[in-house]
Amino acid sequence: MLSYVAADLCLALAPEQVRTLGIPGVTYRPLRGDSPYLETTVAAIHRSGSPDAAVREVLGILTAL
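Here the structure is a predicted model, which means the values were calculated and not measured.

Thresholds, definitions, all that
- Residues numbered from 1 in each chain as written.
- Predicted model: local features only at pLDDT ≥ 70, side-chain atom pairs only at ≥ 80, totals over all residues.
- Heavy atoms only, no water.
- Helix = DSSP H or I, 4+ residues; strand = E, 2+ residues; numbered from the N terminus.
- Buried < 20%, exposed > 50% of the residue type's maximum accessible area, 1.4 Å probe, protein only.
- Areas by Shrake-Rupley, 256 points an atom, 1.4 Å probe, with all protein chains shown as cover.
- Core = buried A, V, L, I, M, F, W, Y, C linked by side-chain atoms within 4.5 Å.
- Contact = heavy atoms within 4.5 Å.
- Patch = residues over 30% accessible without salt bridge, like charges linked within 9 Å, V, L, I, M, F, W, Y side chains within 5 Å.
- Salt bridge = Lys/Arg side-chain N within 4 Å of Asp/Glu carboxyl O.

S.K.: Any details on the overall build of the chain? Residues and values, ideally.
M.R.: The secondary structure content of the chain amounts to two helices and zero strands. C-alpha extents for the chain along the principal axes are approximately 40 × 30 × 20 Å. In the chain, which comprises 65 residues, the proportion classed as buried is 9%. When the accessible area of the chain is evaluated, it comes to approximately 6,200 Å², of which 57% is carbon and sulfur surface.

Below you can see the structure in the form of structure tokens.
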């Protein structure tokens, strides 16, 4: 994902620990405090068809949130 950021194709939300990777072309900005304007969307991507048990478990957890 950070390679896409470096290529100026997107932005990403990532854990603070990725700052240590030091990828050229990527600027890290901390998000702090409460804001009525900050929303988070989580997307899960998997192969079409019948997912295996591990994928079904993760999808179940995500849909329960």
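Back to the text.
S.K.: Describe in detail the nonpolar core, supporting the description with residues and values.
M.R.: Residues L2, V5, V18, V26 and Y28 constitute the largest nonpolar core, which totals five residues. Leaving out residues up to four positions away in the same chain, V5 has contacts with C10, L11, A12, G25 and V26.

S.K.: Explain the environment of A44 residue by residue, including any values.
M.R.: With respect to the secondary-structure elements, A44 resides in the loop between α1 (2-6) and α2 (53-64). Classification of A44 as partly exposed rests on a relative accessible area of 43%. C-alpha of A44 to C-alpha of L62: the two residues are 18 residues apart in sequence and 8.2 Å apart in space.

S.K.: Would you mind going over unusual backbone geometry in detail, with residue names and values included?
M.R.: We note that D8 has phi near 65°; this positive angle belongs to a residue other than glycine. Within the secondary structure, D8 sits in the loop between α1 and α2. For D8, a relative accessible area of 69% corresponds to the exposed category.

S.K.: Report on a nonpolar patch on the surface, specifying residues and quantitative values.
M.R.: A contiguous nonpolar patch, built from M1, Y4 and L9 and spanning about 390 Å² of accessible area, is present on the exposed surface. The class for M1 is exposed, based on a relative accessible area of 62%.

S.K.: Account for the environment of G49, with residues named and values stated.
M.R.: With respect to the helices and strands, the residue G49 is situated in the loop between α1 and α2. The spatial distance from the C-alpha of G49 to the C-alpha of L11 is 30 Å, given a sequence separation of 38 residues.

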